[in-house]
Amino acid sequence: MSHDIYSYDQRGQILQHVRFTMGDTYAPLFYDLFDAHQYNGGVSGIGATIMLSPSQVEEALERFMQLGEHAFLYQNRKGEIFDWQQKAILKFIKTCLEIAREEGKVEVAFA
């Protein structure tokens, strides 16, 4: 079992994908970032899809960055993130934000 989370543009093309195992501590955190607890089925997502506005994705990015202020992010001396899962989460959010700004919304599926 795992959490597979995808983002899509308006044409239905996959933009980004992140995966967390059912016991991964980053899985519930990811749902927290998007205020999407209702889509967390515990061992995986519930199979639901949501549409997010640019402001909702901006809030997710802000939450992620706030976590970094509390030593969540593993950074090197240059301030670069080096934990691969955190990089994947940040890339997911930034790609979603780019598309949401371009298209007015972005689709995210929690499988």
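Residues numbered from 1 in each chain as written. Predicted model: local features only at pLDDT ≥ 70, side-chain atom pairs only at ≥ 80, totals over all residues. Heavy atoms only, no water.

**Re the overall build of the protein**
Here comes step 1: When its secondary structure is counted, the protein shows three helices and four strands.
Here comes step 2: Taking all 111 residues of the protein together, 44% fall into the buried category.
Here comes step 3: For the protein, restricting intrachain contacts to residue pairs at least 6 apart in sequence, the fraction spanning at least 24 positions comes to 62%.
Here comes step 4: Split by element, the accessible area of the protein, about 6,300 Å² in all, is 49% carbon and sulfur. (Helix = DSSP H or I, 4+ residues; strand = E, 2+ residues; numbered from the N terminus. Buried < 20%, exposed > 50% of the residue type's maximum accessible area, 1.4 Å probe, protein only. Contact = heavy atoms within 4.5 Å. Areas by Shrake-Rupley, 256 points an atom, 1.4 Å probe, with all protein chains shown as cover.)

**A look at the confidence of the model for the protein**
Here comes step 1: Of all residues in the protein, 86% have pLDDT values of 70 or greater, and the mean over the chain is 89.
Here comes step 2: Here helix 2 (residues 54-69) stands out as the element of the protein with the lowest mean pLDDT, 90, in contrast to strand 4 (residues 106-110), whose mean of 98 is the highest. (pLDDT = per-residue confidence, 0-100.)

**Notes on the packing of aromatic side chains**
Here comes step 1: With the rule as written, the count across this model stands at seven aromatic pairs.
Here comes step 2: Geometrically, the ring pair formed by F30 and F34 is tilted, given 5.1 Å between the ring centres and 40 degrees between the ring planes. The pair F30 / F34 is uniform in exposure class, with both members buried.
Here comes step 3: Grouping aromatic residues by their ring pairs yields a cluster made of F20, F30, F34 and F92. (Phe/Tyr/Trp six-rings, centres within 6.5 Å; stacked < 30°, edge-to-face > 60°.)

**With respect to the sheet that holds strand 3 (residues 48-52)**
Here comes step 1: In space, the four strands of this open sheet follow the order 2-1-4-3, with antiparallel pairing throughout. Looking along the sheet, the strands with just one partner apiece sit at the ends: strand 2 (14-21) and strand 3. Sheet twist, expressed as the mean angle between neighbouring strand axes with direction ignored, is 20 degrees.
Here comes step 2: Looking at chain direction, strand 3 and strand 4 are connected through five bridges and run antiparallel. (Pairing = 2+ DSSP bridges. Axes fitted to C-alpha atoms, helices over the stretch in contact; angles between N-to-C directions.)

**Considerations on the side chain of Q85**
Here comes step 1: Counting through the fold element by element, Q85 comes out in helix 3 (residues 84-103).
Here comes step 2: For Q85, a relative accessible area of 11% puts it in the buried group.
Here comes step 3: Beyond its immediate stretch of four places on either side in the chain, Q85 contacts F20, D24 and Y26.

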